[in-house]
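Given next are the chains, with one letter for each unit.
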Amino acid sequence: PGAFATSDDRSRWTFNGALTFDNAAAVLEASSQLDLPTSGRVDLSALGTADSSALAVVFALKRRARAERCDLTFEGLPPGLASLARVYGVDGLL
């Protein structure tokens, strides 16, 4: 399973593991218990297997950040997820 983790100084989140249809709802629910990173940076470089559900989670987090008047920047986007975003025409939103 995959999950977001907050750095010790709460400045950034990292994601480690898979993010697919099987766990996306649980990952999103767990992330709602975390304060958004103070720097707005979310590192996805350790994201393993991902499908379109990962994009749904990313966009849900962006909506949450907007509602909380924060900006989120996703770093280390794996090539497979970047390709999915291009296929769906949403890469400019990331």
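Scroll up a little and you will see the structure.
Being a predicted model, the structure only gives us computed values, none of them experimental.

Chemist: Sorry if this is basic, but what is going on with the pairing of strand β2 (residues 12-19) here?
Modeler: Residues in a regular strand project their side chains so that they alternate between the two faces of the sheet. Examined bridge by bridge, strand β1 (residues 3-6) and β2 share 4 bridges and lie antiparallel to one another. Looking across to β2, one finds that T6 is bridged to W13. Remark: 5 residues form the turn of the hairpin made by β1 and β2, two consecutive strands paired antiparallel; R10 in that turn has positive phi of roughly 65 degrees. Here β2 runs beside strand β3 (residues 41-50); their pairing, made up of 6 bridges, is parallel. Each bridged residue has a counterpart across the sheet, and for T14 the counterpart in β3 is D43. At this point the chain moves from β2, through helix α1 (residues 24-31), to the parallel β3, and the crossover so formed is right-handed.

Chemist: What's the story with the pattern of salt bridges in this structure? I'm lost.
Modeler: A pair can form between side chains of opposite charge whenever their charged atoms are brought close. On inspection of all chains with the given rule, the structure shows 5 salt bridges. Between E75 and R41 there is a salt bridge; the shortest N-O distance is 3.3 Å. Pair noted here: E75 is in strand β4 (residues 73-75) and R41 is in strand β3, with a separation of 34 residues, a long-range link. The network of salt bridges with shared partners includes R12, R41, D43 and E75.

Chemist: Looking at this structure, I do not really get the packing of α1 against helix α2 (residues 52-67). What am I missing?
Modeler: A pair of packed helices is captured by two measures, namely the crossing angle of their axes and the spacing between those axes. Where α1 meets α2, the closest approach of the two axes is 10 Å, and the angle between their N-to-C directions is 20 degrees. Taken together, α1 and α2 sit at an angle that is classed as roughly parallel. As α1 packs across α2, the resulting crossing turns out to be right-handed. Residues A24, L28 and S31 of α1 lie in contact with α2, whose contacting residues are S53, V57, A60, L61 and R64. For the contact of α1 with α2, the residue count by class is 5 nonpolar, 2 polar and 1 charged.

Chemist: Would you take a moment to explain helix α3 (residues 79-88) for this structure?
Modeler: One full turn of an α-helix is made of 3.6 residues, so residues set three or four places apart face in the same direction. If you check which residues of α3 are buried, you get L81, A82 and A85. Along α3, the residues classed as buried sweep out an arc of 100 degrees about the axis, all on the same side. Every exposed residue of α3 that faces more than 90 degrees away from the buried side is listed here: P79 and V87. In this structure, the buried residues of α3 make contact with β3 and α2. Downstream of α3 by one or two residues, G89 has phi in the positive range, about 75 degrees.

Chemist: How should I be thinking about the sheet that holds β2 in this particular structure?
Modeler: Strand pairing within a sheet occurs via backbone hydrogen bonds; the two strands may be parallel or antiparallel. Read from one edge to the other, the open sheet built from 4 strands follows the order β1-β2-β3-β4, with strand pairing classed as mixed. Here the strands that pair on one side only, and so sit at the sheet edges, are β1 and β4. For this sheet, the mean inter-axis angle between neighbouring strands, taken without regard to orientation, is 25 degrees. Sheet topology note: the β3/β4 ladder contains 3 bridges and is parallel. Bridge assignment links D43 to a residue of β4, and that residue is E75.

What counts as what
Residues numbered from 1 in each chain as written. Predicted model: local features only at pLDDT ≥ 70, side-chain atom pairs only at ≥ 80, totals over all residues. Heavy atoms only, no water. Pairing = 2+ DSSP bridges. Helix = DSSP H or I, 4+ residues; strand = E, 2+ residues; numbered from the N terminus. Right-handed = clockwise from strand over helix to strand, strands pointing away. Salt bridge = Lys/Arg side-chain N within 4 Å of Asp/Glu carboxyl O. Axes fitted to C-alpha atoms, helices over the stretch in contact; angles between N-to-C directions. Parallel < 35°, antiparallel > 145°, perpendicular 65-115°, else oblique. Left-handed = near helix turned anticlockwise from the far one by under 90°. Contact = heavy atoms within 4.5 Å. Nonpolar A, V, L, I, M, F, W, Y, C, P; charged D, E, K, R; others polar. Buried < 20%, exposed > 50% of the residue type's maximum accessible area, 1.4 Å probe, protein only. Arc of directions from axis to C-beta.

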